[in-house]
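Architecture at a glance
Listed below, chain by chain, are the residues.
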Amino acid sequence: MTTREFCAEELNRYVFRICGEMPNIELVCGDDADIFNESYSMNVVGGKGRIVANRPRALLLGVYDFLRRVGCRFLRPGEKGEWIPRRALSELTVTADVVPSARHRGITIEGAVSLENVTDIVDWAPKAGFNSYFIQFRTAFEFFDRWYKKTGQTLTERQSAVFVQKIVAEIRKRDMIYHAVGHGWTTACLGVQCNGWKASDKPLPPEKQILLAQTNGERQFFKGIPLNTNLCYSNPEVRRKMAEEVATYAAAHPEIDVLHFWLADDSNNVCECDACAKKRFADWYILMLNEIDAQLSARGLSVKICFLVYLDLYWAPQEETINNPDRFIMMFAPIFRTYTAPYAVEEQGKPLPYICNKVEYPHDAGTYVRFLRDWQKQFCGDCFDFDYHLMWDILRDFGGERLAQVLYADIRSLPKLGMKGFMSCQLQRAFYPNGLAFYLMGRALSDDTLSYDDIRQEYYTAAFGNAAEFASRLYSEIERTVSFAYMKEEEKCDTAFAGFIEAQSLIQNALAQFPSSENGVHAESLAILRFAAENTLRLVNVLVLRITGADKEKIEKAEAERKQFFEAGELRFQPYVDGFYENLIVGGIVAAQSVGIYAQ
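Residues numbered from 1 in each chain as written. Predicted model: local features only at pLDDT ≥ 70, side-chain atom pairs only at ≥ 80, totals over all residues. Heavy atoms only, no water.

A word on the pairing of strand β13 (residues 382-387)
The following threshold applies: Each residue is assigned to one of three classes by its accessible area relative to the maximum for its type, calculated with a 1.4 Å probe on protein chains only: buried under 20%, partly exposed between the two thresholds, exposed over 50%. Helix and strand definitions here come from DSSP, where helices need a minimum of 4 consecutive H or I residues and strands a minimum of 2 consecutive E residues; each element is numbered from the N-terminal end. Strands are treated as partners if at least two bridges between them are detected by DSSP. Note on handedness: a crossover is taken as right-handed if, strands pointing away from the viewer, the path from the first strand over the helix to the second is clockwise.
Counting buried positions along β13 gives six out of six residues, so the element sits mostly inside the fold. Neither face of β13 is exposed, since Asp382, Phe384 and Phe386 on one face and Cys383, Asp385 and Asp387 on the opposite face are all buried. Bridge analysis of strand β12 (residues 328-332) against β13 gives four bridges, and the strand direction is parallel. Across the sheet, residue Phe332 finds its bridge partner in β13, namely Asp385. Tracing the backbone out of β12, into helix α10 (residues 365-376) and back to the parallel element β13 gives a crossover that is right-handed. Bridge count for β13 against strand β14 (residues 421-425) is three bridges, and the pairing is parallel. Considered in β14, the bridge of Asp387 is made with Ser424.

Here it is, written out as structure tokens:
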């Protein structure tokens, strides 16, 4: 099925649900050479007219935008996430010319997922305004394995690769921009494929081991993990192998629009040999990017290469420059920044000295703005933000409101920061405690005229119907009393404690007068809210016991009850909340320990 045929099918299907009749709307699209360029116009009166777009993806976005303008709301994947009004065909009138506000509007696979979780997100993404999807690694095995292992199933790398083929088919059916790979190149060029953060005790032959980064006088896998191991980038053989690996992979996968070339994960793992010490880490990276471009050009390949400003690469190059900027997209990934406050566009932090393998990363957004500005002095090409609002902190912000506000402010700051969009590295099941932030992301990136309050009201009205005021108030009250900053270890317990006590009472009262609805999408939204509120109450009960110094047995009993309640409802609510990460994050909060960014 072509994208244009899919557009017609979707338009007819939804219009029939709205009016019980078929529309008479002509769909016309071109094939713009710039894969990122999107524009469409709608001229429909009384269910008759045209939707015209510059490319198939833009036509699909136009179809869903038309449906939204006549009253549809796509709040989350599946029919229980859709609000479809009943209207006469004669009432379906829309006239508009549209160019989406942000060039890059993407979602990245993360968390623990089933195949269905991902294909559902890909189906929902253009309905919500997104235009791209990023499958990390070559088979995304790490993310699938977490889910299938949890459900007692054994998954193979081959099965995971087949999953990726199916997902790519769904991406292609929608003409979405397909981003791929990222981490894994460093060891792949040595013949060691890695699709996650697993350790390995398999030795390398001497001729390959000598190519690994030298740290603490040794050339070994960093902490035993291949994915987290850099190479000796001053070695021309290493750079040649890396460039050939990328070019060969690109040639074998012409379906990829944007191929991400990242170095090792983790930090303080840079080669310390005398030759590598002669240049900054980012300079060696730029040299490799230029060699990759040369290899791709020699093979006649036009794929875009996305390079990553992340970890040691926050410190911009001092000597080298990119030869062919049109080949590349710069991706800025401020992974350690706080998400309790937005970017401060005008507040650049002081420059931090770069000391190889003795790096401590800041948390204030201002310092990351400084890193970005330093890179922009070196590279003036296409650039987007790769950020993590819905990765870990969505499970720390129990009202879902503050995170949504910060996300909105960050999206509105992107043009001032010189970034042309946003790729969200996040849990796929990110509709808990509500779907406000995820829904807002797509709307705010698509339409820069919308205010935060516009989107918030649109979301709550569609999601909860007659219970919108109740839901909005309860989420806001949870936000006010259950401190997001405390969950981020940015506030002390003695400051947060009074709010916890108040939250116990207000959540209990809300549960006692909880509304109901016969409407499918409203009933499902209320069910998610009730589940989230009950989980939050149980967590607060545990925290209050811990803060007040209750007996260990009493705390352990309350914590066991909290876990049991979540696990009892996890399968019911699994499309909306990632239990793998909920256990990691909330378990860490209860244990009063810092929760690292990596799932062990």
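Some details on helix α13 (residues 452-464)
Inclusion rule: To estimate how far a helix should reach, multiply one less than its number of residues by 1.5 Å. We call two residues contacting when some pair of their heavy atoms lies within 4.5 Å.
The terminal C-alpha atoms of α13 lie 18 Å apart, and with 13 residues this matches the ideal 18 Å at 1.5 Å per residue to within 8%. Among the residues making up α13, those that are buried are Tyr452, Ile455, Arg456, Glu458, Tyr459, Tyr460, Ala462, Ala463 and Phe464. The elements touched by buried residues of α13 are β4 (73-74), β5 (82-83), α11 (401-413), α12 (436-446), α14 (468-481) and α17 (520-547). Of the residues one or two after α13, Gly465 is the one with positive phi, at around 55°.

With respect to the sheet that holds strand β9 (residues 177-182)
Keep this limit in mind: Simply put, an axis is a line fit to the C-alpha atoms, just over the touching stretch for a helix, and the angle between two N-to-C directions goes from 0 to 180 degrees.
With parallel pairing, the eight strands of this closed barrel are ordered in space as β7-β8-β9-β10-β11-β12-β13-β14. Going across the sheet, the axis of each strand differs from the next one's by a mean of 25°, ignoring polarity. In this sheet, strand β8 (residues 132-136) lies alongside strand β7 (residues 104-108) in parallel orientation, the contact comprising three bridges. Considered in β8, the bridge of Thr108 is made with Phe134.

Section: the nonpolar core
Selection rule: Remark: nonpolar core denotes a set of buried residues (Ala, Val, Leu, Ile, Met, Phe, Trp, Tyr, Cys) joined through side-chain atoms within 4.5 Å.
Within the largest apolar cluster, 227 residues are counted, with the highest numbers of intra-cluster contacts made by Phe66, Phe261 and Phe464. In contact with Phe66, other than residues within four places in its own chain, are Leu11, Val15, Ile25, Met42, Val44, Ile51, Leu92 and Val94.

Side note on α12
Summarising burial for α12: eleven of the eleven residues are buried, a large majority. Leu436, Ala437, Phe438, Tyr439, Leu440, Met441, Gly442, Arg443, Ala444, Leu445 and Ser446 are the residues of α12 that are buried.

A word on the environment of Ala462
In this structure, Ala462 sits in helix α13. Along the backbone, Ala462 and Arg68 are 394 residues apart, and their C-alpha atoms lie at a distance of 11 Å.

Side note on unusual backbone geometry
The step from Tyr432 to Pro433 runs through a cis peptide bond, and the omega angle for that step is 5°. Turning to its location among the elements, Pro433 is positioned in the loop between β14 and α12. Although it is not a glycine, Ala140 adopts a positive phi angle of roughly 55°. Looking at where Ala140 falls in the secondary structure, it is placed in the loop between β8 and α4 (141-150). Phi is positive for Asp175, which is not a glycine, with a value near 55°. Structurally, the position occupied by Asp175 is in the loop between α5 (157-173) and β9.

A look at the side chain of Thr481
Defined as follows: In the analysis that follows, any N or O atom pair within 3.5 Å is treated as a polar contact, provided that within protein one partner can donate a hydrogen and the other can accept it, and provided that, for residues neighboring in sequence, both atoms belong to side chains.
Its place among the elements puts Thr481 in helix α14. Within the local environment of Thr481, its side chain forms a polar contact with the backbone oxygen of Glu477, the two atoms lying 2.8 Å apart. Once you skip the residues sitting within four places of it in the chain, Thr481 turns out to touch Ala496, Gly499, Phe500, Glu502, Ala503 and Leu506.

A closer look at the packing of helix α3 (residues 115-128) against α12
Applied cut-off: With respect to orientation, any angle under 35 degrees is reported as roughly parallel, any angle over 145 as roughly antiparallel, any angle of 65 to 115 as roughly perpendicular, and every other angle as oblique. Charged means Asp, Glu, Lys or Arg here, nonpolar means Ala, Val, Leu, Ile, Met, Phe, Trp, Tyr, Cys or Pro, and polar covers whatever is left, Gly included.
Packing of α3 against α12 leaves a shortest axis separation of 9 Å and a crossing angle of 45°. Judged by the angle between their axes, α3 and α12 are oblique. Listed contacts from α12 to Ile121, Trp124 and Ala128 of α3 are Phe438, Gly442, Arg443 and Ser446. For the contact of α3 with α12, the class distribution of residues is four nonpolar, two polar and one charged.

Quick word on the sheet that holds strand β6 (residues 94-98)
Spatial ordering of the open sheet is given by β1-β3-β2-β6, a layout of four strands whose pairing is mixed. Only two strands of the sheet have a single partner each, and these edge strands are β1 (24-29) and β6. The sheet shows a mean angle of 10° between the axes of neighbouring strands, taken without regard to direction. Relative to β6, strand β2 (residues 40-45) runs antiparallel, the two being bridged by five bridges. Across the sheet, residue Asn43 finds its bridge partner in β6, namely Thr95. Most of the contacts of helix α2 (residues 56-69) go to β2, to which it runs at about 40°, and overall it touches β1, β2, β3 (48-53) and β6.

That's the geometry; what it means functionally is another story.
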